[in-house]
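# A structural walkthrough
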Amino acid sequence: MAGHVDALYFALVAIAAFFTFLISALILFFAIRYRKERNPHATQIHGSTALELMWTGIPLGIVMIIFVWSAVIFFMQTRPPKGAMEIYAVGKQWMWKFQHTEGQREINQLHVPAGRDVRMIMTSQDVIHSFYVPVFRIKADVLPGRYTSTWFHATTPGRYHLFCAEYCGTQHSGMVGEVIVMDPADYDRWASGGVDGSLASAGEKSFQQYGCSMCHRGDAAGRGPNLVGVFGRPVLLDDGRTVTADESYVRESILNPGVKIASGFKNIMPTFEGQLSEEEVIGLVAYVKALGDGTANLPLPVSEPNSGTYPVAPKVEGSAAKSDKTATPPAKAIPAKPTAKQ
Amino acid sequence: MMETASHTTEAKTNYLNADYGVKSWLLTTDHKRIALLYLGSITLFFFLGGFFAMLIRLELLTPAGDLVLADTYNKLFTMHGIVMIFLFLIPSVPAVFGNFLVPMMIGAKDLAFPRLNLASWYIFITGAGFILYAILTGGVDTGWTFYTPYSTTYSNSNVITAALGVFITGFSSIFTGLNIIVTVHRMRAPGLTWRRLPLFIWANYAASVIMVLGTPVLAITIVLVALERLFHLGIFDARLGGDPLLFQHLFWFYSHPAVYIMILPGMGVISEVIACFSRKRVFGYDFIAMSSIAIAVLGFLVWAHHMYVAGISTYAALIFSMLSFFVAIPSAVKVFNWTATLYKGSITFETPMLYVFAFIGLFTIGGLTGVFLAAVGIDLHVTDTYFVVAHFHYVMVGGMVTAFMCALHFWWPKMTGKMYPEGFSKLSAVLVFIGFNLTFFPQFLLGYMGMPRRYHAYPPEFQVLNVLSTAGASILAAGFLMPMIYFAWSLQYGKDAGPNPYRAAGLEWMTASPPPTFNFDETPVVTWEAYNYDEIDAADQNKGVEVAG
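Residues numbered from 1 in each chain as written. Chains lettered and ligands numbered in written order. Predicted model: local features only at pLDDT ≥ 70, side-chain atom pairs only at ≥ 80, totals over all residues.

Now for the overall build of chain A. What chain A contains, in helices and strands, is seven helices and twelve strands. Every one of the 342 residues in chain A was classed for burial, and the buried ones make up 39%. (Helix = DSSP H or I, 4+ residues; strand = E, 2+ residues; numbered from the N terminus. Buried ≥ 20, exposed ≤ 12 C-beta atoms within 10 Å, placed from the backbone.)

Next up on the list: the overall build of chain B. Secondary structure assignment for chain B yields 16 helices and zero strands. Against the compact-globule benchmark of 24 Å for 549 residues, chain B has a radius of gyration of 23 Å, which places it among compact chains. Within chain B, the proportion of its 549 residues that are buried is 62%. Taking the contacts inside chain B whose residues are at least 6 apart along the sequence as the reference set, 85% of them involve residues at least 24 apart. (Rg over C-alpha atoms; globule rule 2.2 N^0.38 Å. Contact = placed C-beta atoms within 7 Å.)

Residues and elements named next belong to chain A. Assigned domains of chain A: these are domain 1 (1-19 + 52-77), domain 2 (85-192) and domain 3 (199-292). Using C-alpha coordinates to define each centre, domain 1 is positioned 29 Å away from domain 2. Taken residue by residue, the interface counts four residues in domain 1 and six residues in domain 2. Along the lines of polarity and charge, the residues of the side of domain 1 that touches domain 2 split into three nonpolar, one polar and no charged. (Domains from an automatic or database assignment. Nonpolar A, V, L, I, M, F, W, Y, C, P; charged D, E, K, R; others polar.)

All names here are of chain B. Model confidence for chain B is summarised by a mean pLDDT of 93, while 97% of its residues fall at 70 or above. Low pLDDT, under 50, characterises residues 1-10; the predicted model gives this stretch eleven contacts beyond four residues in sequence or across chains. The ipTM value of the predicted complex is 0.91, and its pTM value is 0.90. (pLDDT = per-residue confidence, 0-100.)

Right, let's talk about the interface of chain B and chain A for a bit. Taken together, the contact pairs 72 residues of chain B with 70 residues of chain A. Elements with a contribution of two residues or more to the side of chain B that touches chain A: helix H3 (70-105), helix H5 (150-154), helix H8 (244-278), helix H9 (285-298), helix H10 (314-342), helix H11 (351-374), helix H12 (376-382) and helix H16 (533-543) of chain B. The element that contributes the greatest number of residues to the side of chain B that touches chain A is H10 of chain B, accounting for 15 residues. Its residues placed into classes, the side of chain B that touches chain A shows 43 nonpolar, 20 polar and nine charged.

Strand pairing in a sheet is mediated by backbone hydrogen bonds. Such pairs are either parallel or antiparallel. All names here are of chain A. Sheet architecture is open: five strands sit in the order S3-S2-S1-S5-S8, paired in mixed fashion. Of all strands in the sheet, those bounded by a partner on one side alone are strand S3 (105-107) and strand S8 (148-153). On average, each strand axis in the sheet is tilted by 25° relative to the strand beside it, whichever way the strands run. Against the sheet, helix H7 (residues 278-292) touches strand S1 (85-92), strand S2 (95-100) and strand S5 (117-124), its axis set at about 160° to S1. (Pairing = 2+ DSSP bridges. Axes fitted to C-alpha atoms, helices over the stretch in contact; angles between N-to-C directions.)

Residues and elements named next belong to chain B. Axis separation between H10 and H11 bottoms out at 10 Å; the angle between their running directions is 165°. Classified by the interaxial angle, the pair formed by H10 and H11 is roughly antiparallel. In this structure, the crossing between H10 and H11 has a hand that is left-handed. Contacts between H10 and H11 involve Ser321, Ser324, Phe325, Ala328, Ser331, Val335, Trp338 and Thr339 on the former and, on the latter, Ile360, Phe363, Thr364, Gly367, Gly370, Val371 and Ala374. (Parallel < 35°, antiparallel > 145°, perpendicular 65-115°, else oblique. Left-handed = near helix turned anticlockwise from the far one by under 90°.)

Turning to unusual backbone geometry, a few remarks are in order. Put simply, Thr148 of chain B and Pro149 of chain B share a cis peptide bond, and its omega is 0°. The residue Pro149 of chain B is located in the loop between helix H4 (114-136) and H5 in this model. Residue Asn108 of chain A is not a glycine yet carries a positive backbone phi of 60°. Following the sequence through the fold, Asn108 of chain A ends up in the loop between S3 and strand S4 (109-113). Positive phi is not limited to glycine here, since Arg503 of chain B has a value of about 50°. With respect to the helices and strands, Arg503 of chain B occurs in the loop between helix H15 (463-493) and H16. Looking at Arg503 of chain B, the number of C-beta atoms within 10 Å reads 19, which means it is partly exposed.

A residue-level look at chain A finds 87% of positions with pLDDT of 70 or above and a mean pLDDT of 85. Confidence drops under a pLDDT of 50 for residues 301-342 of chain A, and excluding neighbours within four residues, the segment shows 63 contacts in the predicted structure.

The next subject is the pairing of strand S7 (residues 138-142) of chain A. Residues and elements named next belong to chain A. Of all five residues in S7, five are buried; the element is thus mostly enclosed. What you see with S7 is no split at all: Ile138, Ala140 and Val142 on one side and Lys139 and Asp141 on the other are buried throughout. Pairing of strand S6 (residues 129-133) with S7, which is carried by five bridges, proceeds in the antiparallel orientation. Looking across to S7, one finds that Tyr132 is bridged to Lys139. The hairpin turn running from S6 into S7, its antiparallel successor, is four residues long, and Arg137 in that turn takes a positive phi close to 60°.

By the secondary structure assignment, Ser173 of chain B is in helix H6 (residues 159-186). Separated by 52 residues in sequence, Ser173 of chain B and Trp121 of chain B place their C-alpha atoms 9.3 Å apart.

Bringing helix H4 (residues 199-209) of chain A into the picture now. All names here are of chain A. Of the residues making up H4, those classed as buried are Leu199, Ala200, Ala202, Gly203, Glu204, Ser206 and Phe207. Contacts made by the buried residues of H4 are with S2, helix H5 (212-215) and H7. Residue Gly211 follows H4 closely and has a positive phi angle near 80°.

All names here are of chain A. Strand order across the open sheet formed by five strands is S4-S10-S9-S6-S7, with mixed pairing between neighbours. Unpaired on one side and paired on the other, S4 and S7 mark the two borders of the sheet. Across the sheet, the mean angle separating the axes of adjacent strands is 25° when strand polarity is ignored. The strands touched by helix H3 (residues 184-192) within the sheet are S4 and strand S10 (177-182), with S4 carrying the most contacts at an inclination of about 130°.

This paragraph deals with the packing of helix H13 (residues 386-416) of chain B against helix H14 (residues 422-449) of chain B. Residue and element names in this part refer to chain B. Between H13 and H14, whose axes approach to 7 Å, the crossing angle comes to 165°. If you check the angle between H13 and H14, you find them roughly antiparallel. Taken as a pair, H13 and H14 cross one another with a handedness that is left-handed. Listed contacts from H14 to Tyr386, Phe387, Val388, Val389, Ala390, His393, Tyr394, Val397, Gly398, Met405 and His409 of H13 are Ser425, Val432, Phe436, Phe440, Gln443, Phe444, Leu446, Gly447 and Tyr448.

A few words now on H13 of chain B. All names here are of chain B. Within H13, the axis deviates most sharply at Phe410, by approximately 40°, and proline Pro413 lies no more than four positions further along. Judged by how many residues are buried, H13 sits mostly within the fold: 29 of 31 residues are covered. At the exit of H13 stands Gly417, carrying a positive phi of roughly 80°. (Bend = angle between axes of the 7 residues up to and from the residue.)

Given below as structure tokens:
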């Protein structure tokens, strides 16, 4: 990627240098050739439409070529390849916190393997920051309240600067760290060393701790959608729109569930805004993602929804399961795209 | 017919000696006196902003943050930006030279609304007062861009006071723009058709349109920031369903066109001066005039190129990228036409002409590096680095401040009736050019190497280039301080300029220097195109007039 950016950059340097020298040389030449001592009488020239068209058209052609070239690079920069490994980042005044799917957590240091595509999924818990690694030629702002992402493919092991590039307050210039690019085997050893469970398993704990598992169940009695196989697929909403269940959608559905209700469900889930840390939300997202690709399973409900923590309401009128106490969840998984009547 | 006012001027009263006393200045409705009120105020603010800049450069001499505290540093670059943009650049050419010259160039006695004009200055000073108060009571640390949610929730500095100051100065800008637009439409001398107007008028007209249409959006945005900060309405707060990016859209919807408010009038200056010292009509008059209008229109359609990495969608970024490339074209057209104006001219090298050469060179680099930033694939790497800092200083200082210095030298004899010393002024022009390049060229390299902007401390490998930059800044400072001394000197000891020391075209040169209060003894009737240097030079030759300079 850095190579593509540099190629365009130096092409632009060449173009800029050419025009700067062209203009400077012309000015210098005219200033000497037509100085008053040598040319005491100016010749009045009103203009030339042919010249105007030429110096409108040629620059326009050049910049349109640059536009297309840079757009191609931009697509490469913004579209991570399929199968990229994922690392989550949380920016806060004034540090970077990273969470690896294997379970490693680190601050202001980002270990990544060389030779693999790495996608960063990032959010901020306060102001806007910007994730900037100059050697990778990438930068992406990190915003509160949403996920932004970027990706890179490191080639050479080593230690590289990581900067916050969006002004974020007093210690903005202290919000720096390093990206440590490792040999892939070393990375794997590092990533799995001394961790007590993956990010998804931490998410699973939260899923039970916060009572998510009481409604998001595998059985028909769940008052929320079954989350198995949902991630990455389209979800039909109750207003007829369809959204893709990506990280942002999962995040929003946790923190602000009323915004997009899956078709066939009621707006009964309480908001978790302000109750979960960004790290916990990330764990939950990772868990839902793992449910999506089958690398994790729904837990059995840990407690009966007996004390009225949440209003007991039937999921859908006419549903087969009027009882909340189905002992064994039926094997049938709710389709990823729930229909109005299940 | 052009010499009617020449030798009787000494005895006549002019706008400077028509009345005396502080009151005669503070209550004046004479556009020329108001222009001088603006000139005095913005000169003060220019040196205040420059003082902040020097402290910034001194801090960056060493990688460690050792001269000032991080908080102080953040306040310094914020106040440098706010003072330079809102209190110097935006009013610089429109409010000083636009005020002074627009009525004179179109043969009018004053602007259309003289009292509104005076009110504009008082509004400007009131706004500036709030900004100065914010500075004196602890400063503000959000950056001149006031990005949310930092400005609305997290900053502990005087955000509201400073924002209120910016809000108030905005009205001064709107009124000045309104005044110029109405004046150009309604008060042109008989025979002065639109296509006979000096290009300075076209450029200020285009800038005025942006001021009138764009500034209200800034005002609204600032009100929203203040409301959000005071009452936590949630407009920009994601936790309450708001969107911090909304602020950036609103802010840049004004602040990108504001760049053209700053640069367009400067381009107008260049067109006037290059014609005069080439003794030629400006090449491609229609194309330069129309390119000003094109810049004003396209300037409103490119704001999100400040936001490629901010979290806007891929396709939005691409559309804004393409539109940003388009806006490069009218600027290029101007540069080519100025260069072509020199062709077969009869060129002399007075100080204003040196600034013209500096402007074209520096603006070309500033514009071309803008193409780098429009290219979204490259912007991802260099945005928010020193590359951007270098780019906009090439446009704003290399372009606009250079044009301002050019205008100040060119019309100083008209404003004061005195010539500045040619030797010192040329030396200062050369110092500014060298100092400027030494200050800002290394910053392009720093940006490409990855040094983020607004950094109080930085990794040691960036030090060499930062030292060069600081060295350049001290030369630049000397180049800007010298004119203060020789302009003041010239008021007492300068040669009398006479009505038209450069044998320049334009109605403003057909009256006395300094001009009488109502500019012209009789309203001129225009029967010629702008930049009729052939007629002026032919007339001079017949009369044997010695050309000064």
